[in-house]
Amino acid sequence: MLQQVLHEIEQAREPLSLNDLARRLEIDPGTLDGMLTFWVRKGRIVVRDGDESTCTTGSGCGSCASTVGCPFAGKAPRTFMLKGEEPRH
Amino acid sequence: MSISYFPNQRADLPLRYESPVEEAISRLSEALATIPTLAHYSPRWLAIQLLEDDDGLAQQVQAAPGGEAVLHVLAEQRDHLRTHYNDAVDITLTDQRYRFVHQITQRVLTRPDAPDATLSDTIDRIVTHKYLGIPIFLALMWIVFKITADVSAPMLDWVDGVISGPLTNWVVALLSVAGLGGTWVESLAVDGVIAGVGGVLVFVPVLLALYFALALLEDSGYMARAAFVMDRLMRALGLHGKSFLPMIVGFGCNVPAIYATRTLESERDRILTGLLVPFMSCSARLPVYILLAAIFFPAYAGVAVFSMYLLGIIVAILLGVVFKHTLFRSKEQMPFILELPPYRLPTLRGIWTQMWERTASFVRKAWTIILATSLVVWLLIALPVGGQGRFADTELDQSAFATVSGVVAPIFAPLGFGSWESSGALVTGFVAKEVVISTMGQIYGLQEAEEAAAPTTFLEDVSGIATSFVSAVGDTLKSIPLIVGINLFEEEEEAEPTALMGAIEAGFEESSGGHGVLAALAFMVFVLLYTPCMVTAAATRQEFGNVWMWVSIIGQFALAWVVALLVFQGGLLLGLG
């Protein structure tokens, strides 16, 4: 099953929603989430939760009093992808 | 979905791994059973934990008498399994456990052939549809800009009336009482602070409307679907689908959008996306579009504003395609999984929080960067260069600001806005796009200052503010049906252009040789495409380095110039405007 998850992502021709993939594998989305989390732990999949857009210049953009909680940053949806290059930190 | 219970098949339930794994567990269990100090553990459980690389238990085994021999067996079995399955042993075991659970659920759960679709599924089937997804996205963005341009207009007029009328009168009166009437201090307060900062604060209702509409889309869960739909389009064009996520952030502000490029793994994709993000119309550019659209396209203000947003997306995608096949060639992108949150009914509190935080940040910016720039612009306007003027009492075209702006004005002459006024506004607009408005307010405000209204008393002012507020609220309610094309306003109720708007219109007409509409359109396109603000440039430098910052600044300027030239000269050739 775990290998099948990786296989389905590798073979996909376009982005998939978590629910679509769960339906394709005939499993519950919660179970798929657990499997993806396992692969994230093993370093085969990278997860991004969209929180990286917080301003880190130390000076803000003139709109914020502090660098924490930029009101424009928003919350991007969580994405999982096969690990390619090392993510930047 | 239904659940079945099979009492007679319980014997089948205990987990059994595939035979190579069971064999390894068995050999290891036998070895572990020879160690009395580990007798309190189940040998099978301990064998599985050791195969799955449990460091703590491995240390316990090593410390036990005879433990070394067990670890030797463990190493043998792990090697054997790794070779057999060509994967890490813990992955193999976890995979088999998942498969076991899946087999059970397949046996005990009866799934309908066509599972019951939830409401989210049904909506998603339409809004993320291969062909309908993008038209729906564009239709929703159109509604956002109808709300922004049409529904906010009455309140914008009210705030404008309060700031340019009673507020200015009170400041002038107070300064006169203090003996400063007619001095440079009055000029600083009225022509510097009120015309500059006030000219930008006028657009607070517009931004409140924009943030309201965006908050509705975000809190309902639609924005994630928009990213999903645009991913598909961008991948079809050979771009990284995830590039659109930072771009959506860019509609609010380009600075966090530059930082959001960190969600991309490849350095090339990060830089490419970082170069494209500034073409997303941030909320700071909106006041410029709104003002010029109200002056030059009063009947189609929503269309004009929407076109700018759309043009930004199209330019970004086209440029991305060009870059992807030239400077940023890279291997094919791997697909990814996107979690689409369930749709939710937005709460009033959630929407208000977003509107308030974003608008508050705009106001904060007005009192920091925009105030500072307005003061510098006022100083340059107040300083006479040649002529007979004195400090704060000089002809505008003989001021230091006009002289400095006049140096760069010829660059913009082929684009139809080669006057020192509009050139100066574009130069100061590099600081922040709202400053384009504040500078125009300062320059053109002085030009139309002679048309002062008749003096009023304090009570008349207060009464006027209250009655005009009630009228503005009524007009706002009446303007809501405009979103769907129903106009409840009488023809004669169409707002008259203010003196400032008239001065700006005359300025563009003059600089373009009577083709003000084309020049204004070219100006809006230029504002859309050149560097959004100095902080975005700084963020680009921080994320991608000095070279890419200059590539971004110079490239955006060149592109803005060429596209604005095409708009103006192309329009002239076609006999438009």
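All chains use their own residue numbering, which begins from 1 and follows the written sequence. Note on labels: chains are lettered from A, ligands numbered from 1, in written order. Local features in this predicted model are restricted to residues of pLDDT 70 or higher, and side-chain atom pairs are both shown and tallied only at a pLDDT of 80 or more, whereas totals for entire chains, interfaces and linings draw on every residue. The side-chain quantities take in all heavy atoms of the structure and omit both hydrogens and water.

What is the right way to look at the overall build of chain B in this model?
In DSSP terms, a helix is any run of H or I states spanning at least four residues, a strand is any run of E spanning at least two, and both are numbered starting from the N terminus. When helices and strands are tallied, chain B shows 25 helices and three strands. Counting all 577 residues of chain B, 50% fall into the buried class. Relative to all contacts within chain B whose residues are 6 or more apart in sequence, the contacts with residues 24 or more apart total 74%. Partly exposed residues are those whose accessible area sits between 20% and 50% of the maximum for their type, while under 20% is buried and over 50% is exposed, using a 1.4 Å probe and protein chains only. Between two residues, a contact is recorded if the distance between any of their heavy atoms is within 4.5 Å.

What is the right way to read the overall build of chain A from this model?
Counting its secondary structure elements, chain A contains three helices and three strands. Ordering the α and β elements of chain A from the N terminus gives α-β-α-α-β-β. Within chain A, the fraction of its 89 residues that count as buried is 48%. Within chain A, contacts between residues at least 6 apart in sequence are counted, and of these 63% link residues at least 24 apart.

What is the right way to read unusual backbone geometry from this model?
Most of the time, phi is negative for any residue but glycine, and the peptide bond is trans. A positive phi angle, close to 55 degrees, is found at E26(A), a residue other than glycine. Along the chain, the position of E26(A) falls in the loop between α2 (18-25) and α3 (29-41). A relative accessible area of 42% means that E26(A) is categorised as partly exposed. One non-glycine residue with positive phi stands out, namely N86(B), at about 55 degrees. Within the secondary structure layout, N86(B) lies in the loop between α4 (67-85) and α5 (89-108).

Is there a simple way to think about helix α8 (residues 153-177) of chain B in this case?
Think of an α-helix as turning once every 3.6 residues; residues three or four places apart then point the same way. Residue and element names in this part refer to chain B. Residue count minus one, scaled by 1.5 Å, sets the expected span of a helix. Over its 25 residues, α8 runs 35 Å from end to end, which matches the ideal 36 Å to within 8%, given 1.5 Å per residue. Bend at a given residue is defined as the angle between two axes, one fitted to the seven residues that end at that position and one fitted to the seven that begin there. Where α8 bends most, the angle comes to about 30 degrees, and this point is L167. Buried within α8 we find P154, M155, L156, W158, V159, V162, I163, G165, P166, T168 and L175. As for α8, its buried residues are in contact with α7 (133-151), α9 (184-201), α10 (204-220), α15 (286-296) and α21 (458-479). Backbone geometry just after α8 places G179 at a positive phi near 80 degrees.

Just to check I follow, could you spell out the nonpolar core for this structure?
For soluble globular proteins, nonpolar side chains are generally found buried alongside one another. Residue and element names in this part refer to chain B. By convention a nonpolar core is built from buried Ala, Val, Leu, Ile, Met, Phe, Trp, Tyr and Cys residues, the set being connected through side-chain atoms within 4.5 Å. Counting residues in hydrophobic clusters, the biggest one holds 123 residues, and the most contacted among them are L210, L286, F417, M440, F508, F523 and F526. Sequence-distant contacts of L286, defined by excluding residues within four places in its chain, comprise T148, V206, L207, L210, V305 and Y309. If you look at the next biggest cluster of nonpolar residues, it comprises 24 residues, including Y41, L46, L74 and L81.

Explanation requested: the interface of chain A and chain B in the structure shown.
One frequently used descriptor of interface size is the decrease in accessible area upon assembly of the parts. Contacts between the two partners involve 55 residues from chain A and, on the opposite side, 51 residues from chain B. For any pair of parts, buried area is found by adding up, for both, the accessible area (1.4 Å probe) each one loses once the two are put together. Both faces considered, chain A and chain B share a buried interface measuring about 5,000 Å² in area, 59% of it formed by carbon and sulfur atoms. Criterion for a salt bridge: a side-chain nitrogen of Lys or Arg within 4 Å of a carboxyl oxygen of Asp or Glu. Counting across the interface, chain A meets chain B through four salt bridges. In this structure, E339(B) and R78(A) form a salt bridge, with 2.8 Å as the shortest nitrogen-oxygen distance. Polar contact is defined as a pair of N or O atoms within 3.5 Å, subject to the rule that within protein one atom must be able to donate a hydrogen and the other to accept it, and that residues adjacent in sequence are counted only when both atoms are side-chain atoms. Applying the counting criterion to the chain A and chain B interface returns nine residue pairs in polar contact (both at pLDDT 80 or more). Listing elements by their share of the side of chain A that touches chain B, those giving two or more residues are α1 (2-11), β1 (16-17), α2, α3, β2 (45-48) and β3 (79-82) of chain A. If you tally residues by element for the side of chain A that touches chain B, the top one is α3(A), at six residues. Gly is put with the polar residues, along with every residue not named as nonpolar or charged; the nonpolar set is Ala, Val, Leu, Ile, Met, Phe, Trp, Tyr, Cys and Pro, and the charged set is Asp, Glu, Lys and Arg. Residues belonging to the side of chain A that touches chain B are distributed by class as follows: 27 nonpolar, 14 polar and 14 charged. Strand pairing requires that DSSP identify at least two bridges connecting the strands. Across two bridges, β1(A) lies against strand β3 (residues 336-338) of chain B in parallel orientation. Pairing of S17(A) across the sheet is with L338(B), part of β3(B).

Any chance you could explain the pairing of β3(A) here in plain terms?
Side chains on a regular strand alternate between the two faces of the sheet. Of the two faces of β3(A), both are covered, the one formed by T79(A) and M81(A) as well as the one formed by F80(A) and L82(A). Here β2(A) runs beside β3(A); their pairing, made up of four bridges, is antiparallel. Considered in β3(A), the bridge of R48(A) is made with T79(A). Looking at chain direction, β3(A) and β3(B) are connected through three bridges and run antiparallel. If you follow M81(A) over to β3(B), its bridge partner there is F336(B).

Could you clarify how one ought to interpret the packing of α7(B) against α10(B) in this entry?
Packed helices, taken two at a time, are described by the angle between their axes plus the distance between the axes. All names here are of chain B. Contact pair α7 / α10: the axes reach a minimum separation of 8 Å and the direction vectors enclose 150 degrees. What the angle tells us is that α7 and α10 run roughly antiparallel. The two elements α7 and α10 cross, and the hand of that crossing is right-handed. Counted together, L140, V144, F145, I147 and T148 of α7 and V206, A209, L210, A213, L214 and L217 of α10 form the full contact between these two elements. When the residues that make up the contact of α7 with α10 are grouped by side-chain class, the tally is ten nonpolar, one polar and no charged. Only the stretch in contact is used when a helix axis is fitted, and all axes are lines through C-alpha atoms; the angle between N-to-C directions ranges over 0 to 180 degrees. Geometric relationships in this document are graded by angle, where less than 35 degrees denotes roughly parallel, more than 145 denotes roughly antiparallel, 65 to 115 denotes roughly perpendicular, and other angles denote oblique. What makes a crossing left-handed is the near helix being turned counterclockwise from the far one by less than a right angle; a clockwise turn instead makes it right-handed.

Looking at this model, I keep getting lost on empty space enclosed by the protein. Mind explaining?
Over the atoms, a rolled probe matching the size of one water molecule traces out where space is still vacant. Residues and elements named next belong to chain B. Both site types are read off a 1 Å grid over the protein atoms alone. A 1.4 Å probe that fits but cannot get out defines a cavity, while an open set with protein on both sides within 12 Å along at least five of seven lines defines a pocket; lining residues have an atom within 4 Å of a point. Grid points are joined across faces, edges and corners, and a volume is the space filled by probe spheres set on the points. All chains considered together, the criterion is met by three cavities of 30 Å³ or more. Counted as a void, the largest cavity has a volume near 160 Å³. C253, C282, A284, K365 and E434 are the residues nearest the centre of the largest cavity, which is lined by 20 residues in total. Within the residue set of the lining of the largest cavity, elements represented by two or more residues are α13 (254-259), α17 (348-382) and α24 (534-544). Here the residues of the lining of the largest cavity are counted per class, giving twelve nonpolar, five polar and three charged.

Would you take a moment to explain a nonpolar patch on the surface for this structure?
Residue and element names in this part refer to chain B. Within the patch definition used here, like charges are joined within 9 Å and nonpolar side chains (Val, Leu, Ile, Met, Phe, Trp, Tyr) within 5 Å, considering only residues with over 30% relative accessible area and no salt bridge. Only the protein chains shown count as cover for residues, and the accessible areas themselves come from Shrake-Rupley with a 1.4 Å probe. Where nonpolar side chains cluster on the molecular surface, the patch consists of F469, V470, V473, L477 and I480 and spans about 440 Å² of accessible area. The topology assignment puts F469 in helix α21. Overall, the relative accessible area of 35% leaves F469 in the partly exposed class.

Sorry, what's going on with the side chain of S399(B) here?
Residues and elements named next belong to chain B. Looking at the element boundaries, S399 is found in the loop between α17 and α18 (400-412). For S399, a relative accessible area of 0% translates into the label buried. Ignoring any residue separated from it by four or fewer positions in sequence, one finds S399 in contact with L380, I381, L383, V385 and T394.

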